[in-house]
Amino acid sequence: MQKKYSEVKTLNLPEIDQSVLQLWEEQNTFHESIENRKDGKPFVFYEGPPSANGMPGIHHVMARTIKDIFCRYKTLKGFKVERKGGWDTHGLPVELGVEKTLGITKEDIGKKISIEEYNDTCRKEVMKYKDVWDDLTQKMGYWVDLDNPYITFENNYIESVWNLLKKLFEKDFLYKGYTIQPYSPAAGTGLSSHELNQPGTYRDVKDTSVTAQFKIKPTDHPISKGLASSSVDTFFIAWTTTPWTLPSNAALAVGNNIEYVLIETFNPYTFEAIRVILASDLVGKYFKPEGEEIELTDYKEGDKIIPWKRLETFSGKDLVGIEYEQLLPYVQPEKTAFRIIPGDFVSTEDGTGIVHIAPTFGADDQRVANEAGIPPIVVEDSTGAKLPLVNKQGKFVDEVTDFAGQYVKAEYEEAVDKDYKSIDVLIAIKLKEENRAFKVEKYEHSYPHCWRTDKPILYYPLDSWFVKTTAVKDKLVELNKTINWKPESTGTGRFGNWLENLVDWNLSRSRYWGIPLPIWVTEDRSELKCIGSVEELKSEVEKAIQSGVDQKPIADGFDLHRPYVDDVILVSSKGEKMYREPDLIDVWFDSGSMPYAQWHYPFENEEIFKNNFPADYIAEGVDQTRGWFFTLHAISVMLFDSVAYKNVIANGLVLDKNGNKMSKRLGNAVDPFETLSKYGADATRWYMISNAPPWDNLKFDIEGIKETQRKFFGTLFNTYSFFSLYANIDEFTFNEASIDIEKRPEIDRWVISQLNTLIQSVQDSMDDYDPTRGARAIQHFVIEHLSNWYVRLCRRRYWKGEYSDDKISAYQTLYECLITVAQLMSSVAPFFSEFLYQNLNGITQKLDAKSIHLTDFPEYKEGHVDKSLEERMQLAQDICYLVLSLRKKENIKVRQPLQKILVPVLDSQTQKQIEAVANLIKSEVNIKEIEFLTEDNGIIKKRIKPNFKALGSRMGSKMKQVAQAIISFTQDDIAQLEKDGTYKLNIEEEDIEIQIGDVEISSEDIPGWLVANLGSLTVALDINISDQLKQEGDARELVNKIQNLRKEKGFDVTDRILLDIEKSDLQQSILSFKDYISKEVLATSLNIEETVDVSDEVEVNDVKFKVKIQKA
RNA sequence: AGUCUCGUAGCUCAGUUGGUUAGAGCACUACACUGAUAAUGUAGGGGUCGGCGGUUCAAAUCCGCCCGAGACUACCA
């Protein structure tokens, strides 16, 4: 019994997913696809580790599809592509999640719950959704090795990271600094600049801003002497959007070259007479012009318009050194403060041109205060350590008596009632009452927020460890230029600019669940030790024990996390105790270390590491530019003097169909599992890839997946169904020798030519990391070339006639197209392509590979590409289009044969091209002959058009007139130009000669005929229908009706029938074409009867009669 | 606030180093086709190519300004 191609009635992609997954499982196909290439050149791919403590979203399907595509493609191309999976397990998201589930805050850790318990919980929580992730990975067809993933919390991983840190330490790339940094009180940790640069961190917020008055103190300063002696108090006014920093004010900064003015006026809240100093340029912002016209003495309390007078001007330089009274004297500085200092960043864009300086809460503030010798306003805690006036929870310290224990930002409160007044407001009120507020107003500005807690950050002085990335900036920039970025602008622009403005990488995190800093310090900080391996830790501990430190030796399997490492005490060269620096390292360092740590390099697998570094290819979302893309790059450049990856795709966001960000809160997030199970992985993947280039944002619309399913997969499936239906009937199993391409008919050679062109273009776009172009090319080929043209024109070859060479050629050609398309599309649509492969190759056994993913990428055969053939097929398609259009215009259906069409040809080449495809045209549009009209035998009306490209540069400004002249050529003018090859024009009394190449001449009309044009092509249709043609038309119409009847009655396509037809006006037509009809409908007998005893009635060209069909 | 990218039909997208009727698919309307049929064909409606100005014989394409969107940058007081 002959094996048959499976004939599936309807396309069910999710079902195919299921069966293919089962097949892969049974045959261990993913493993095989690597084993298969074990001698191949490695193509190195790095998996950016996801964090399994959150649910995957549809955007993960996008990102992972892009990763998967190139790994699969390179495998087909013969590369060995190992893909080690990984899990990112440390960091704030995990910790915050655990705090939430345990119902604790950061302060409780180490108190209500031990660090040990806490970290144990983190370890469990972090893999909470691992199963869900694994499920998605499998269902979407993402091939990655999940059996041996790297996990960042494992000791081996940590040890490798320690080793990297030690190398940085030895190269003097690690240092500790006390700096003002972004700090999230809610999360309890400082934030690195790339965390601060996560999307959405900067948000517009409305804050209470205060312009405060700082009263001048009489001193020996030449200017202040005079100012302070006035009977009216004189103030500097300075603006701030963070009034809570005013108790920490230590100085005021002015611009040396800015002009300031002394103005006499009244305080708008207390109505007291005052004199204020501010930048001249900003007077307009604080004073109404009308006020200058009013006498000061005319002012009455509460007047809308407050009068003011300019008294004197100064330059900023003159003001430097003037002292003022402390605004909110809660805490006294340790040395003299409260004076005017220069600030290079002071401008007259905002505020008053005088900047409030709080050295503990601003980076610039700290710097200029330092330079001017201004101390910060700090308090001492019980240990004598100096603290700012706001503690790490974001609350005022006790010394700020009025506001002690209050959060400085309203957002930090759990809940606020309607009477709640923020610190900013309270301070504003206090200053108003004390005649120290010149202006209070709401001010909208963008302010950074913590990416995890959504609460505003503070700029806060912190001790931190830094990586001196700025030391290798040039090299980072240099090597970045060798990376192939898709899209290029992300590499040069976003990433390149970032590198240009690099700051040192803040490595410290004051948290618990993460890789501990392996740095030990003596109490006086005179000696530092960085530990680079477990072995080293062991021997250092031994040393410590020998010198009398009471602790256990490091046992095998010692957990390198906190709190265990915290308890380890080492000894310095001088015998002093050394304690570990309490911070963890930034989790981004974890993931940036994966090229090394995933192999436990350098402790193991040195050879494997070397073969897998750097990566040939990585891909992640564009939001990783400052995250993983940067940390990979920075570590490899600093320690290995190399890029970490050679090619990188930064994909865009997945938005909802209206272009809004997806979020659970808005309810517009798409569930990836639902999408996959409803539409299948392939339709989802194909839609995502073909709709827009991956680096553009994708507006995700389910309708788009449906369309992909219907149009692309549906059409391809129909083509396969068509093939299997007839191949089964003819028992075609491709066991004949492959027919030489030269021996195949024109149409076969054409589609093979197109197929090879397609192979080349898919290969090019994939090599260029542009999957969208490739997918679109495949789609176009399948729908337009293969289905709508090749199969449509060739249908009869499959269902008619003997099993001849022509038929075999047709089967072989269609088979080759299907199998090749399946291979080309397999990296994007791994399931459906496998389905096709199994069904096709399962019968023919042409290829040995058990799976399409174990085959080689189709070979481009240049010899099979025939551009001239592709051109003339285009010509055939155009002519058919024109004829169908003409038929439509005349309302003559295609089933009615017509005698001929006329095609004017101006050169013999075109005629030859058309002649070669004449049969296709004739059968496609049902005409008997094509007649060519040349200039000799016909009257062709020609059309002439200027060739702008050729003429433009020569004609210049006369172009318009020349074009006009050419367009108005008569037929005689055109003939003359054709005869002589040149023609003289007279434009503005100047002779201009044009050549034949300066124009395009085409046929336009055949007088007396019905014509249609497309480009330079013209076709006329002979619409006369002779009796003979009419009869044939009747016959064809009847055939169609009988075919419908057969189908209705559920006959098999191969069933023979007995046909009885009722006598009617069409009797003559039927008899004339009796043989034709019988053959078409597979009738073994055809009889015309007076009456037919059935109710099946057909209508053929307005004539009704009964037809009886029965199986023979 | 600055920098970058983008803005083409109702929707999703093409658009060739600037060249004269700006395209495709979807959706819509009408008609056809029907042994591949959730497909297909023909015809139709639908565009000031974000706006204004400039360069040019010629601009969707190059330049400037403005408007809108997105991303990035920022201690901006």
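Just above, that's the structure.
Residues numbered from 1 in each chain as written. Chains lettered and ligands numbered in written order. Predicted model: local features only at pLDDT ≥ 70, side-chain atom pairs only at ≥ 80, totals over all residues. Heavy atoms only, no water.

(A) A look at the packing of aromatic side chains. Scanning the model with the defined rule gives 62 aromatic pairs in all. Between Tyr596 and Phe609, the aromatic rings sit 5.6 Å apart at their centres with planes inclined by 50 degrees, giving tilted as the arrangement. Residue Tyr596 is found in helix α18 (residues 594-597), and its partner Phe609 is found in helix α19 (residues 606-611); the two are separated by 13 residues along the sequence. Taking relative accessible area as the criterion, Phe609 reaches 4% and is therefore assigned buried. Between Tyr687 and Phe700, the ring centres sit 5.8 Å apart and the planes meet at 75 degrees, which makes this aromatic pair edge-to-face. Remark: Phe700 occurs in the loop between β28 (698-699) and α23 (702-730) and Tyr687 occurs in helix α22 (residues 681-691); sequence separation between them is 13 residues. With respect to class, Tyr687 is no different from Phe700; both count as buried. An aromatic cluster is defined as three or more aromatic residues linked by ring pairs; in this entry it consists of Tyr5, Phe722, Phe723, Tyr726, Phe732, Phe734, Tyr798, Trp799, Tyr811 and Tyr815. If you follow Lys439 out to its NZ or CZ, it ends over the ring of Tyr286, 5.1 Å from the centre. (Phe/Tyr/Trp six-rings, centres within 6.5 Å; stacked < 30°, edge-to-face > 60°. Helix = DSSP H or I, 4+ residues; strand = E, 2+ residues; numbered from the N terminus. Buried < 20%, exposed > 50% of the residue type's maximum accessible area, 1.4 Å probe, protein only. Lys NZ or Arg CZ within 6 Å of the ring centre and 35° of its normal.)

(B) Spatial organisation of α22. Of all eleven residues that make up α22, ten are buried, and the element is covered over most of its length. Buried within α22 are the following residues: Ala681, Asp682, Ala683, Thr684, Arg685, Trp686, Tyr687, Met688, Ile689 and Ser690.

(C) Seen up close, the sheet that holds strand β29 (residues 898-904). Taken in spatial order, the four strands of this open sheet run β30-β29-β36-β35, and their pairing is mixed. Looking at strand neighbours, the two that pair on one side only are β30 (927-933) and β35 (1010-1014), the edges of this open sheet. On average, each strand axis in the sheet is inclined to that of its neighbour by 25 degrees, with strand direction left out of account. Bridging between β29 and β30 involves six bridges; their strand directions are parallel. (Pairing = 2+ DSSP bridges. Axes fitted to C-alpha atoms, helices over the stretch in contact; angles between N-to-C directions.)

(D) Layout of the sheet that holds strand β23 (residues 577-580). Strands sit in the order β21-β20-β23-β22 across an open sheet of four strands; the sheet is antiparallel. A single partner strand is all that each edge strand has here, and the edge strands are β21 (528-530) and β22 (570-571). Summarising the sheet, strand β20 (residues 519-522) and β21 pair through three bridges and their orientation is antiparallel. Following the sheet pairing, Ile519 is matched in β21 by Cys530.

(E) Up close: helix α26 (residues 805-825). Taking 1.5 Å of rise per residue, the 21 residues of α26 would be expected to cover 30 Å, and the 30 Å separating its terminal C-alpha atoms lies within 8% of that figure. In terms of residue burial, α26 counts as a mostly covered element, since 18 of its 21 residues are buried. (Expected span 1.5 Å × (residues − 1).)

So, to be careful, I would describe these as geometric facts and stop short of saying anything about function.
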